[in-house]
Amino acid sequence: MNNTITSPKGFMAAGLHCGIKKSGKPDLGLLVCPTGAKAAAVFTTNKVTSAAVQISKEHIKSPQIYAVVANSGNANACTGKTGVRNAQKMCAETARLLQIENRKSKIENRSILVASTGIIGHQLPIDKITVGISKAAEKLSTSASAGLDFSRAIMTTDTKPKQAIRKFAIADHRLPIENLGSQIANPVITIAGAVKGAGMIAPNMATTLCFITTDVAIRKPLLSRALKTAIDNSLNKLTIDGHQSTNDTVIILASGLAGNRPIVTQCPRYKKFTKVLMELCDDLAKQMALDAEGATRMFKVVIKGAANKADAAKAARAVADYDLLKCAIHGGDPNWGRIICAVGSVGVKLNPNKLSCRLGNITVFKNGTPKKFDVKKASKIISQTEHTITVDLGSGKHSDFCYGCDLSAEYVRINAEYHT
């Protein structure tokens, strides 16, 4: 079964080593839609952005996107005008090669998106990359192995490729069959995604590099709206270390080849597509949490009883980012006091006399008072691969959540040795 980004109709991919990484591991990926795709993206909110982000922010405005070229091992961030020129060269070389294969359409540099990830402050070995792009173009394939090669080519400190796929039927039966033309009654829509990221991950941006493909036919503004909704409720709910990267990018490409009636309004078909896209992004977010640098387990913080949505989100992130709690979870220590300390330190409205906390299904603190509980059972819960922490602020009816992971000595080792 093809569960990679080449699964939706109309996509090809390749990944290989071009010479950026001294390890010899894959470091260049190419994702192509030969017929052209509608595209949308979400980028980092960091004020310092990579050359790739700067270029892709402009190119995403193009009506059709034909490819994404991505490299790992070098962020091409804080590299000045030379870095921008190198990002432009990556787009130009990709467009040139695709134009040779596609005589029907004019493929401009603006029809190519670019992404980079890796060490900040180093110029790209652009000559090696342009040669690599040529070799990748020769390797393009719709196979599952090609999609996997792309996923591996975007990895940095990730220990494994992270992919997800969803398929669903969309109700298109309102038109008579004889009038459908190239459209299909109740077609199956495929959405697939690949993501990389194990550190420098925090909410309020796109979160690392993520590439999503789908064959749904949909208007570009609606594709953009659906992506933002999905990211806000999945990848933007993940924090590993509270740090935003300069390169974070999520891109979705829609080939429109599934055969559905184009989605042109926020109709039930749009809502179904958005729901499934959100599920796929949530899957990828959880995979990232479980593959975070040095992580051995992940947790979900659910905040209830908040005075407003902003307070709920702020409190959830405060708990998920609280290093003392992350260390306790790594050690299997059900130290709920650190949870209460976290929510009380970020300025959200709460009622101390109604404040409550649960670890899994065990209530450890209720209405401002500690509860007797089985410490061994609580320790077992937080030592699981996944568990949920629930806090009720007792101040309202709003809720939100955030994903986090434990903090280990391995995280320190990885980041102490990352550059050297």
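Below is a short write-up of the structure. (Residues numbered from 1 in each chain as written. Predicted model: local features only at pLDDT ≥ 70, side-chain atom pairs only at ≥ 80, totals over all residues. Heavy atoms only, no water.)

With that settled, consider helix 10 (residues 375-382). Among all positions in helix 10, only Ala-378, Ile-381 and Ile-382 are buried. When helix 10 is viewed along its axis, its buried side chains cluster within an angular range of 90° and face the same direction. Those residues of helix 10 that are exposed and aimed more than 90 degrees away from the buried face are Lys-376, Lys-377 and Lys-380. Elements that come into contact with the buried residues of helix 10 comprise helix 8 (323-330), strand 10 (356-359), strand 11 (362-366) and strand 13 (386-392). (Buried < 20%, exposed > 50% of the residue type's maximum accessible area, 1.4 Å probe, protein only. Helix = DSSP H or I, 4+ residues; strand = E, 2+ residues; numbered from the N terminus. Arc of directions from axis to C-beta. Contact = heavy atoms within 4.5 Å.)

What follows concerns the pattern of salt bridges. Two side chains carrying opposite charge are able to pair once their charged atoms lie near each other. Here the structure, examined in full by the defined rule, presents 10 salt bridges. For Asp-158, the salt bridge goes to Lys-162, with nearest N and O atoms at 2.7 Å. Accessibility expressed as a relative area gives 7% for Asp-158, which makes it buried. Its relative accessible area of 0% is what places Lys-162 among the buried residues. Its salt-bridge partner being Lys-286, residue Asp-282 comes within 3.6 Å of it at the nearest N-O pair. Taken as a pair, Asp-282 and Lys-286 lie in helix 6 (residues 268-290) at a separation of four residues, close to a single helical turn. Residue Asp-282 is classed as buried on the basis of its relative accessible area, which comes to 18%. Classification of Lys-286 by relative accessible area gives partly exposed; the value is 28%. Taken together, the shared-partner salt bridges in this structure form one network comprising Asp-158, Lys-162 and Asp-291. (Salt bridge = Lys/Arg side-chain N within 4 Å of Asp/Glu carboxyl O.)

Another aspect to go through is helix 4 (residues 144-153). Helical geometry note: an α-helix holds 3.6 residues per turn, so side chains three or four residues apart project in the same direction. Among the residues making up helix 4, those that are buried are Ala-146, Gly-147, Phe-150, Ser-151 and Ala-153. For helix 4, the buried positions fall inside an angular range of 165° around the axis, keeping them on one side. Those residues of helix 4 that are buried lie in contact with strand 1 (12-16), strand 2 (28-43), strand 3 (65-74), strand 5 (162-169), strand 6 (188-196) and strand 7 (209-214).

Let's shift gears to empty space enclosed by the protein. Taken as a whole and judged by the stated rule, the model has one cavity of 30 Å³ or more. By volume, the largest cavity is sized at about 40 Å³. Lining the largest cavity are Leu-325, Ile-329, Asp-333, Pro-334, Asn-335, Trp-336, Ile-339, Leu-359, Ile-382, His-387 and Ile-389. At the level of secondary structure, the elements contributing two or more residues to the lining of the largest cavity comprise helix 8 and strand 13. Its residues placed into classes, the lining of the largest cavity shows eight nonpolar, two polar and one charged. (1 Å grid on protein atoms, 1.4 Å probe; cavity = no way out; pocket = protein on both sides within 12 Å on 5 of 7 lines; lining within 4 Å. Points joined across faces, edges and corners; volume = space filled by probe spheres on them. Nonpolar A, V, L, I, M, F, W, Y, C, P; charged D, E, K, R; others polar.)

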